[in-house]
2 protein chains.
Amino acid sequence: MSRIVIALGGNALLQNGEKRDYETQYAHAYQTFENLRFVTENNETVITHGNGPQVGDIQQSHDISGIAAHLHQSVAMSQGYIGEILANAYGNIRTKYGLRKNIFTIITRVLVDENDAAFSNPEKPIGRYYSDEGLEEAKRNGWIMKKFKDGWRRVVPSPEPREILEEPVIEYLLHNGNLPIAVGGGGVPVVRRGGSIYGIDAVIDKDLASSVLATAINADFLMILTDVDHVFINYGKPDQKALHEVHVDEIEKYLREGQFGEGSMKPKVMAAIRFVKNGGRKAFITSIENSMNALSGRSGTIIVQ
Amino acid sequence: MSRIVIALGGNALLQNGEKRDYETQYAHAYQTFENLRFVTENNETVITHGNGPQVGDIQQSHDISGIAAHLHQSVAMSQGYIGEILANAYGNIRTKYGLRKNIFTIITRVLVDENDAAFSNPEKPIGRYYSDEGLEEAKRNGWIMKKFKDGWRRVVPSPEPREILEEPVIEYLLHNGNLPIAVGGGGVPVVRRGGSIYGIDAVIDKDLASSVLATAINADFLMILTDVDHVFINYGKPDQKALHEVHVDEIEKYLREGQFGEGSMKPKVMAAIRFVKNGGRKAFITSIENSMNALSGRSGTIIVQ
């Protein structure tokens, strides 16, 4: 039995262009746990997940309706929203196969540093597009707006995750055959000011936050699940090559060469490297369908010490 | 040390007419934990809470923006939203006084019976008012609309809570100096169909759900905190009388006489009666400020066997 942090990518709940309703996301979540049930039942696992489309919808909904909610509150809401879907789906897989573990979602706050460079250089776009006309209204909210191809969007800081505030509870629960869902969407971003905790408007990369959690709870493995079976180098070129078992120093070299896409594969590779460099045994980057094979070393990209 | 379920009323986060932003709710939550910290630190406590104004805002926000979210999903979102506020506030009280316990929010699902009479007679109004003109649009969503003094509103079923699905985890966590927040807004309503769990559009009374939780975890006390120090009989009449220590049979007689307001004191009294009749030692109905005094028997309404 190993201790594993499983970071689910967006495709665990949605495919591109699908309607983002309960039924669609439930169906994907159900299939996700069909694939993951051997891994979750036979190891100590924590599930983490992204929230990109969902928190965008929630934030946009607030923008349109004028509800008084900060972005960190939208992240907390997205944890409840996705947590329910995952819990219902797993619960039904549990009944179907007579599994043993109790799933439940822990609203998770993640400490960031107010002096993080990301706060003076917000780059992560969230929510809807605004026309030139809508720009003034958006700026009245105090938002920083940036022009993209299809219009203006709000950009927010994406600071480094430092500490998982609910980590003691998550670790405690792992001992007893429980299956916590935690650090959803990278966690609710909070800062410490004069000994007190405050929510702050930012979004945290979920793979980097999952890596911090995995290190903190002394996980054996960090398993980052996405929509491809492997990490590639020279991606999309004639000499494209899938990485199988790869030493952490080798993949770090590829990272420095700029081999991995910003906002997609790069943060996953960074999260994997950090975990292994901080003492983790192995990090996996692979697809949900391939997770069992990856764990037994037969497939996927496996980053080793 | 006793085991206590503390059900927070709406005034733990908001007063009537206040702006429902993070800062206002945080300030009330902070004051709530100033008042509750001796009780929470020296007993095994679970915090539950209402979500009336918050889930109304969230649902209304979805109605306006057209986001695809069911009511049960709005409840799950409200648990995350309120859970973050409570966790930040308690965490800062914890730092201030050097308290020991870890707070965290568990997204909690509560099983209801699809054959509950409430489903054929939805009575609980939620969300915004609609004019006669907006009525057709609202009905297109499949909603049941009812005319109130100020216009049409959506009404939803408020079925009886039967079982707290996350109860095993909540009970497990109580043993180790943790402070779970659970059953927010009465819980995310789910039904069981052919062995599987599905979310269903309803709202569950948070005091009744807290009573079910308190019985399930063998709590000594159920403490229902609201904005008055006592339950009254003949309320608002010349012979109005505050109840102090009262036998469960006596308050049940008052309940049958129709002494307690629908949707306000009645469900609290019902929750208290059920808890005591199911073996609980005492149920308290009092104000947050008065909680310590109530526990030591000096004040508040105390329902005993």
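Remember, it's a predicted structure, so these values are computed and weren't measured experimentally. (Residues numbered from 1 in each chain as written. Chains lettered and ligands numbered in written order. Predicted model: local features only at pLDDT ≥ 70, side-chain atom pairs only at ≥ 80, totals over all residues. Heavy atoms only, no water.)

### Description of the sheet that holds strand 5 (residues 124-130) of chain B
Residues and elements named next belong to chain B. Strand order across the open sheet formed by three strands is 5-7-6, with antiparallel pairing between neighbours. The open sheet has two free edges, formed respectively by strand 5 and strand 6 (144-148), since each of these has just one partner strand. Taken pair by pair, the neighbouring strands of this sheet meet at an average axis angle of 40 degrees, ignoring direction. Summarising the sheet, strand 5 and strand 7 (residues 151-156) pair through five bridges and their orientation is antiparallel. Among the inter-strand pairings, K124 is bridged to a residue of strand 7, identified as V156. (Pairing = 2+ DSSP bridges. Helix = DSSP H or I, 4+ residues; strand = E, 2+ residues; numbered from the N terminus. Axes fitted to C-alpha atoms, helices over the stretch in contact; angles between N-to-C directions.)

### Focus: the pattern of salt bridges
Residues and elements named next belong to chain B. Inspection of every chain in the model, using the stated rule, returns 39 salt bridges over all chains. Residue R162 pairs with D116 through a salt bridge whose shortest N-O separation is 3.9 Å. Residue R162 is located in the loop between strand 7 and strand 8 (163-164), and its partner D116 is located in the loop between strand 4 (109-111) and strand 5; the two are separated by 46 residues in the primary sequence. A relative accessible area of 48% means that R162 is categorised as partly exposed. (Salt bridge = Lys/Arg side-chain N within 4 Å of Asp/Glu carboxyl O. Buried < 20%, exposed > 50% of the residue type's maximum accessible area, 1.4 Å probe, protein only.)

### Comments concerning the relation of the copies chain A and chain B
Each copy of the sequence occupies a distinct position, and chain A is placed on chain B by a rotation of 180 degrees and an axial shift of 0.0 Å, giving an RMSD of 0.0 Å. The relationship between the two copies is best expressed as a two-fold rotation axis. Among all residues of chain A, the minimum C-alpha distance to the rotation axis is found for M77(A), at 2.1 Å. Looking at chain A, 100% of its interface residues are interface residues in chain B too, so the copies touch through the same face. (Least-squares fit on C-alpha atoms with pLDDT ≥ 70 in both. Contact = heavy atoms within 4.5 Å.)

### Topic: helix 2 (residues 52-65) of chain A
Residue and element names in this part refer to chain A. Compared with the 20 Å implied by 1.5 Å per residue over 14 residues, the 20 Å span of helix 2 between its first and last C-alpha is a close match. Those residues of helix 2 that sit buried are Q54, V55, G56, D57, I58, Q59, S61, H62 and D63. The first or second residue beyond helix 2 is G66, which carries a positive phi of 80 degrees. (Expected span 1.5 Å × (residues − 1).)

### Quick notes on the pairing of strand 10 (residues 188-193) of chain B
Residues and elements named next belong to chain B. In terms of strand pairing, strand 4 meets strand 10 through three bridges, oriented parallel. Bridged to R109 within strand 10 is V188. Where strand 10 folds back onto strand 11 (residues 196-199) in an antiparallel hairpin, the turn is made up of two residues, including G194, whose phi is positive at roughly 55 degrees.

### Here we look at the packing of helix 6 (residues 206-216) of chain B against helix 8 (residues 265-277) of chain B
Residue and element names in this part refer to chain B. With their axes 8 Å apart at the nearest point, helix 6 and helix 8 run at an angle of 10 degrees to one another. In terms of orientation, helix 6 and helix 8 fall into the roughly parallel class. With respect to the hand of their crossing, helix 6 and helix 8 are arranged in right-handed fashion. Contacts between helix 6 and helix 8 involve K206, D207, L208, S211, A214 and T215 on the former and, on the latter, P267, K268, M270, A271, R274 and F275. Broken down by class, the residue content of the contact of helix 6 with helix 8 amounts to six nonpolar, two polar and four charged. (Parallel < 35°, antiparallel > 145°, perpendicular 65-115°, else oblique. Left-handed = near helix turned anticlockwise from the far one by under 90°. Nonpolar A, V, L, I, M, F, W, Y, C, P; charged D, E, K, R; others polar.)

### Quick look at the nonpolar core
Counting 90 residues, the largest nonpolar core has I251(A), F260(A), V269(A), I303(A), I251(B), F260(B) and I303(B) as its most contacted members. Beyond its immediate chain neighbours, meaning those up to four positions away, I251(B) contacts L243(B), V246(B), F260(B), V269(B), I273(B) and I303(B). Counting residues in each nonpolar core, the second largest holds 72 residues, with L99(A), I4(B), L8(B) and Y22(B) among its members. (Core = buried A, V, L, I, M, F, W, Y, C linked by side-chain atoms within 4.5 Å.)

### Some points on the environment of I273(A)
Residues and elements named next belong to chain A. Topologically, I273 is positioned in helix 8 (residues 265-277). Exposure remark for I273: the relative accessible area of 5% places this residue in the buried category. In this structure, the C-alpha to C-alpha distance between I273 and E160, residues 113 residues apart in sequence, is 15 Å. In this view, I273 contacts V248, I251, E252 and L255; residues no more than four positions away in its chain are not counted.

### A look at the side chain of N234(A)
Residues and elements named next belong to chain A. Summarising the element assignment, N234 is placed in the loop between strand 13 (231-233) and strand 14 (241-243). A distance of 3.3 Å separates the side chain of N234 from the side chain of D239, its partner in a polar contact. Dropping the residues within four chain positions of it, N234 is found in contact with D239, Q240 and Q259. (Polar contact = N/O pair within 3.5 Å; in protein donor to acceptor, adjacent residues only side chain to side chain.)

### Looking at the sheet that holds strand 7 (residues 151-156) of chain A
Residue and element names in this part refer to chain A. In space, the three strands of this open sheet follow the order 5-7-6, with antiparallel pairing throughout. The open sheet is flanked by strand 5 (124-130) and strand 6 (144-148), the only strands paired with a single partner. Adjacent strand axes in the sheet meet at a mean angle of 40 degrees when their direction is disregarded. In the packing of helix 2 onto the sheet, contacts are made with strand 5 and strand 7, and the angle to strand 5 comes to roughly 45 degrees.

### So, the pairing of strand 7 of chain B
Residues and elements named next belong to chain B. In terms of residue burial, strand 7 counts as a mostly covered element, since six of its six residues are buried. When strand 6 meets strand 7, the two strands line up antiparallel, connected through five bridges. Across the sheet, M145 pairs through a bridge with R154, a residue of strand 7. Between strand 6 and strand 7, which pair antiparallel one after the other, the connecting turn spans two residues.

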